[in-house]
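Next come the chains, spelled out residue by residue.
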Amino acid sequence: MEQLITNFHLDHENHWVADLECGHGQHMRHDPPWMERLWVTTAEGRLSRIGTKLYCTRCDEWIEKISKATIRECKNLMLKAYEEGGISGLCAEGRWELALDSLNNFDPKNLKP
Ligand SMILES: [Zn+2]
């Protein structure tokens, strides 16, 4: 996912890190011949990159983690409601409706990573 660069800061080893709007950071090293980013060595160069976008893989990882946890929690809610509907003597259609209604109880605070 692309994120805007909001600022830069130096890390504890004096390497420049781009601060992204998502809260993540990304090292911007000038280490020729491996990495050519001469622009990062000057204040003007860094300033010219503020407001441009960088791809944030940490956001992608986070979204995947949250998505999987959300699906897991929804399945748990639905299975529990379906079972309870069966114990209460509901027909298959009633159990299915109960399972769907259980999604209204979804609370992101219950997500487990
Ligand atoms: Zn991010």
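This write-up is about the structure you can find in this document. (Residues numbered from 1 in each chain as written. Predicted model: local features only at pLDDT ≥ 70, side-chain atom pairs only at ≥ 80, totals over all residues.)

## Some details on the overall build of the protein chain
So, point 1. In terms of regular secondary structure, the protein chain is built from 3 helices and 4 strands.
So, point 2. Listed by position from the N terminus, the elements making up the protein chain come as β-β-β-α-β-α-α.
So, point 3. In terms of overall size, the protein chain is more extended than a compact globule, its C-alpha atoms giving a radius of gyration of 24 Å where 113 residues would be expected to give roughly 13 Å.
So, point 4. Expressed as lengths along the three principal axes of its C-alpha atoms, the size of the protein chain is roughly 70 × 20 × 20 Å.
So, point 5. By the burial criterion, 8% of the 113 residues in the protein chain qualify as buried.
So, point 6. A separation of at least 24 residues holds for 46% of the contacts in the protein chain among residues at least 6 apart in sequence. (Helix = DSSP H or I, 4+ residues; strand = E, 2+ residues; numbered from the N terminus. Rg over C-alpha atoms; globule rule 2.2 N^0.38 Å. Buried ≥ 20, exposed ≤ 12 C-beta atoms within 10 Å, placed from the backbone. Contact = placed C-beta atoms within 7 Å.)

## Thoughts on the environment of W62
So, point 1. Among the structural elements, W62 can be located in helix α2 (residues 57-87).
So, point 2. On the neighbour-count criterion, W62 (14 C-beta atoms within 10 Å) is partly exposed.
So, point 3. Measuring from C-alpha to C-alpha, the distance between W62 and P113 comes to 10.0 Å, with 51 residues separating the pair along the chain.

## As for the sheet that holds strand β3 (residues 25-27)
So, point 1. As summarised here, the arrangement of the 4 strands in space is β3-β2-β1-β4, forming an open sheet in which the pairing is antiparallel. Each edge of the open sheet is held by one strand with a lone partner, namely β3 and β4 (53-55). Averaged over all adjacent pairs, the angle separating strand axes in this sheet is 50 degrees, with direction ignored.
So, point 2. With 5 bridges connecting them, strand β1 (residues 2-10) and strand β2 (residues 16-20) associate as antiparallel partners. Counted as the bridge partner of F8 is A18 from β2. (Pairing = 2+ DSSP bridges. Axes fitted to C-alpha atoms, helices over the stretch in contact; angles between N-to-C directions.)

## A closer look at unusual backbone geometry
So, point 1. The peptide bond linking P32 to P33 adopts the cis configuration, its omega dihedral lying at 0 degrees.
So, point 2. Along the polypeptide, P33 turns up in the loop between β3 and α1 (43-49).
So, point 3. A positive phi angle, close to 65 degrees, is found at N14, a residue other than glycine.
So, point 4. Looking at the secondary structure, you find N14 in the loop between β1 and β2.

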